[in-house]
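Secondary and tertiary structure notes
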Amino acid sequence: MLEHPGDDVVISLLGIPMDDRPARGTDLLAVLLRLQGRTGRPHWLVTDEAHHLLPAATEPESISLAQQFPALLLITVHPGHMAPAALGLVDVVLAIGDAPWKTLNAVARAIGLPKPETPPGVQLRSGEALAWFCRTDTPPFHLCARVSRAERNRHQRKYMQGDLADKSFYFRGPDGRLNLRAQNLALFLQIADGIDDATWLYHLRNGDYTRWFEEAIKDRELASLARQFERAPDLSPAEERKRLRETIEQRYTLPA
């Protein structure tokens with residue numbers, strides 16, 4: 001594995017009993033270190049549910065092995081359940097969720113650092129995190145993840161021409177008499193051009209388009225742009241449709 005540039009490997013330990021995972025994780029770390037010594041790969045080791053592999057009772061051997069990885073990412077919802085020595089390897093903490101300051105405090109407590117200066121009540125939106133360089137005097141700060149352009153391009157064909165299955169958009173109209181399914185953006189635009197103004201305005205004013213763009217298409221920027229049309233009563237339905245089409249065509253590759 002990882003013998004060819006560009007290879008990414010996912011290893012699942014779900015089939016291993018919980019109590020056996022730390023030991024098997026130690027075996028895996030040893031194998032990966034030997035591989036890295038021979039090939040220079042993996043460049044990054046990403047461990048999800050890290051508290052299962054490096055729990056509070058972790059053997060020193062596992063910590064020693066983990067310490068030898070130059071780029072290690074530990075993902076956990078229970079930092080307090082991890083071995084303090086494992087958390088001691090951490091230089092940067094990214095906290096997400098409804099109570100990010102609690103996560104930062106838990107990490108600080110586990111590794112014996114003072115609590116960072118983070119005011120309670122910090123609210124993070126989707127795609128945001130609190131970043132803390134815990135080995136410096138820099139206080140935590142907001143971090144907004146920028147969606148990878150490569151990732152967006154990789155999914156453009158799926159969103160434009162593919163079948164989103166249970167995430168399709170349905171034009172039903174104000175009285176629910178219609179049931180026009182758009183399983184991708186291309187069909188969405190085609191149907192939008194043909195529906196009556198009442199149906200178009202019904203979904204527009206309800207925020208249905210922006211919600212679909214954000215939740216199904218996973219394009220927050222497109223949703224934000226479309227939201228402007230909800231608040232532009234001076235535009236006619238025809239002009240709204242025209243501008244939304246132009247917005248989508250600028251962001252996605254249309255089928256030939």
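Structural data are supplied above this passage.
Residues numbered from 1 in each chain as written. Predicted model: local features only at pLDDT ≥ 70, side-chain atom pairs only at ≥ 80, totals over all residues. Heavy atoms only, no water.

On to the sheet that holds strand E4 (residues 128–133). The three strands lie next to each other as E3-E4-E5, forming an open sheet whose pairing is antiparallel. Looking at which strands have only one partner, the edges of the open sheet turn out to be strand E3 (92–95) and strand E5 (141–144). Ignoring strand direction, the axes of neighbouring strands in this sheet form an average angle of 35°. For E4 and E5, the ladder comprises four bridges, and the chain directions are antiparallel. Looking across to E5, one finds that leucine 130 is bridged to histidine 142. (Pairing = 2+ DSSP bridges. Helix = DSSP H or I, 4+ residues; strand = E, 2+ residues; numbered from the N terminus. Axes fitted to C-alpha atoms, helices over the stretch in contact; angles between N-to-C directions.)

Counting residues in hydrophobic clusters, the biggest one holds 28 residues, and the most contacted among them are Phe171, Leu185, Phe188, Tyr209, Trp212, Phe213 and Ile248. Elements with a contribution of two residues or more to this core: helix H6 (149–161), strand E6 (169–171), helix H7 (185–194), helix H8 (197–205), helix H9 (208–215), helix H10 (220–230) and helix H11 (237–251). Once residues within four sequence positions are removed from consideration, isoleucine 248 is found in contact with Met160, Leu185, Phe188, Leu189, Phe213 and Leu222. Residues Ala86, Leu87, Ala95 and Leu130 belong to the second largest nonpolar core, which totals 22 residues. (Core = buried A, V, L, I, M, F, W, Y, C linked by side-chain atoms within 4.5 Å. Buried < 20%, exposed > 50% of the residue type's maximum accessible area, 1.4 Å probe, protein only. Contact = heavy atoms within 4.5 Å.)

On to the pattern of salt bridges, then. Summed over all chains, the structure comprises 13 salt bridges. Of the charged contacts in the structure, one is a salt bridge between aspartate 163 and arginine 181, with a shortest N-O distance of 2.7 Å. Of this pair, aspartate 163 sits in the loop between H6 and E6 while arginine 181 is found in strand E7 (residues 180–182), placing the two residues 18 residues apart along the sequence. We classify arginine 181 as partly exposed; its relative accessible area is 31%. Between glutamate 249 and arginine 245 there is a salt bridge, with the nearest N and O atoms lying 3.1 Å from each other. (Salt bridge = Lys/Arg side-chain N within 4 Å of Asp/Glu carboxyl O.)

Across the interface, helix H1 (residues 21–39) lies against helix H3 (residues 60–67) with an axial gap of 9 Å and an inter-helix angle of 35°. Of the two possible hands of crossing, H1 and H3 adopt the one that is left-handed. The residues of H3 that touch H1, namely those facing Pro22, Thr26, Leu29, Ala30 and Leu33, are Glu61, Ser62, Leu65 and Ala66. A per-class count over the contact of H1 with H3 returns six nonpolar, two polar and one charged. (Left-handed = near helix turned anticlockwise from the far one by under 90°. Nonpolar A, V, L, I, M, F, W, Y, C, P; charged D, E, K, R; others polar.)

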